[in-house]
Each structure stands twice: as C-alpha cells, then as structure tokens.
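Chain and residue survey
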Amino acid sequence: RDNAYLWVLLGELQQKMKLPKEEIYRKYIRECGVYQVLPVRNDAVERFISDVWARNGLGWVCDTTPSKIEGYTNVVAYYGTSTYTRGEMAVLIDQVVQDCIELGIPTKSKEEINTLLEKLN
C-alpha cells in the first residue's frame, strides 16, 4: 500500500506532539485498526507476539486480555496498514487528518485525499 501521505501527517504530528512517529502510528493502529482476537496458550503468548506477529511490520502490534479458556490469553492482534482495504485506510487517514486539523496542522483537501485513496487497490 502506498501510505506515504499518512507518514507525512505522522511526521507533522511528531513535531507537534514531541513523540516518535512510530508510537503515534501504533496508537492509530489500535484506535482505528483492523484486528482479530486469538486465544493463545499462556506459555506461547510472548513467542507469538514477537516471533510471529510483530515480524510482519511496524504496525503489527498486539495487546492481551484475559481469556475465558483456562490456560489461555486472548491476543488482540492488529494488522499493519499494508493489508488495509481502501475503506479501512480511509478511516485511519480521516482520523489522522481530524487530529491534525485540531492541532492546526495543514492537510490536503478532502478531494485530494479521496484521489490518493482511489489509487489504493
């Protein structure tokens, strides 16, 4: 996926927020992202997160929650934007644009953003 404009905006947010843009990106992945919940055996959780999921890229992050299944933990596994559909990417970029506007960061017009999104598969 060509998400270059997303990274431009994240760079602008980094300047305003004084946080690493990777941290900001992961925050948006968790807020707007696409995920699935997977029950993973307790003794395999860390290995799954580090050796299986996170290896896919920067946005492939996980959170954990207790499972109703004894001996298991629910892993909330978020997909990176490289797998997002046009609609999923639109939701993410819209949230980033709204936050930029609130912080006084100039953004492209809605029409320009729609044109960029149309280029996505």
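Data block above holds the structure.
Since this is a predicted model, take the numbers as computed values, not measurements.

1. Here's the deal with the overall build of the protein chain
When helices and strands are tallied, the protein chain shows five helices and three strands. Projected onto the principal axes, the alpha-carbon positions of the protein chain cover approximately 50 × 35 × 25 Å. Out of the 121 residues belonging to the protein chain, those deemed buried represent 36%. In the structure as shown, the protein chain presents an accessible area of about 7,300 Å², 50% of it carried by carbon and sulfur atoms. Where the 15 positive side-chain charges of the protein chain centre and where its 17 negative ones centre are 3 Å apart.

2. Digging into a nonpolar patch on the surface
Taken together, the side chains of Met17, Leu19 and Leu103 present a nonpolar region at the surface, about 200 Å² in accessible area. Considering the arrangement of structural elements, one finds leucine 19 in the loop between helix H1 (4-17) and helix H2 (21-32). On the accessibility criterion, leucine 19 (30% relative accessible area) is partly exposed.

3. Details of the pairing of strand S2 (residues 62-66)
The pairing of S2 with strand S3 (residues 72-78) spans five bridges and is antiparallel. The partner of threonine 65 across the bridge, within S3, is asparagine 74. Between the end of S2 and the start of S3, which pair antiparallel, lie five residues, with glycine 71 showing a positive phi angle near 85°.

4. Considerations on the pattern of salt bridges
Tallied over the full model, the rule gives five salt bridges. Of the charged contacts, one joins aspartate 51 and arginine 47 as a salt bridge, the two residues approaching to 3.8 Å between their closest N and O atoms. In this pair, aspartate 51 and arginine 47 are both assigned in helix H3 (residues 45-53), four residues apart and thus about one turn of the helix distant. Looking at aspartate 51, the relative accessible area reads 36%, which means it is partly exposed. Among the ionic pairs, aspartate 94 bridges to lysine 110, the shortest N-O distance being 3.9 Å. You can see aspartate 94 sitting in helix H4 (residues 86-102) and its partner lysine 110 sitting in helix H5 (residues 110-118), a full 16 residues away along the chain.

What counts as what
- Residues numbered from 1 in each chain as written.
- Predicted model: local features only at pLDDT ≥ 70, side-chain atom pairs only at ≥ 80, totals over all residues.
- Heavy atoms only, no water.
- Helix = DSSP H or I, 4+ residues; strand = E, 2+ residues; numbered from the N terminus.
- Buried < 20%, exposed > 50% of the residue type's maximum accessible area, 1.4 Å probe, protein only.
- Areas by Shrake-Rupley, 256 points an atom, 1.4 Å probe, with all protein chains shown as cover.
- Lys, Arg positive; Asp, Glu negative; His and termini not counted.
- Charge placed at Lys NZ, Arg CZ, Asp CG, Glu CD.
- Patch = residues over 30% accessible without salt bridge, like charges linked within 9 Å, V, L, I, M, F, W, Y side chains within 5 Å.
- Salt bridge = Lys/Arg side-chain N within 4 Å of Asp/Glu carboxyl O.
- Pairing = 2+ DSSP bridges.

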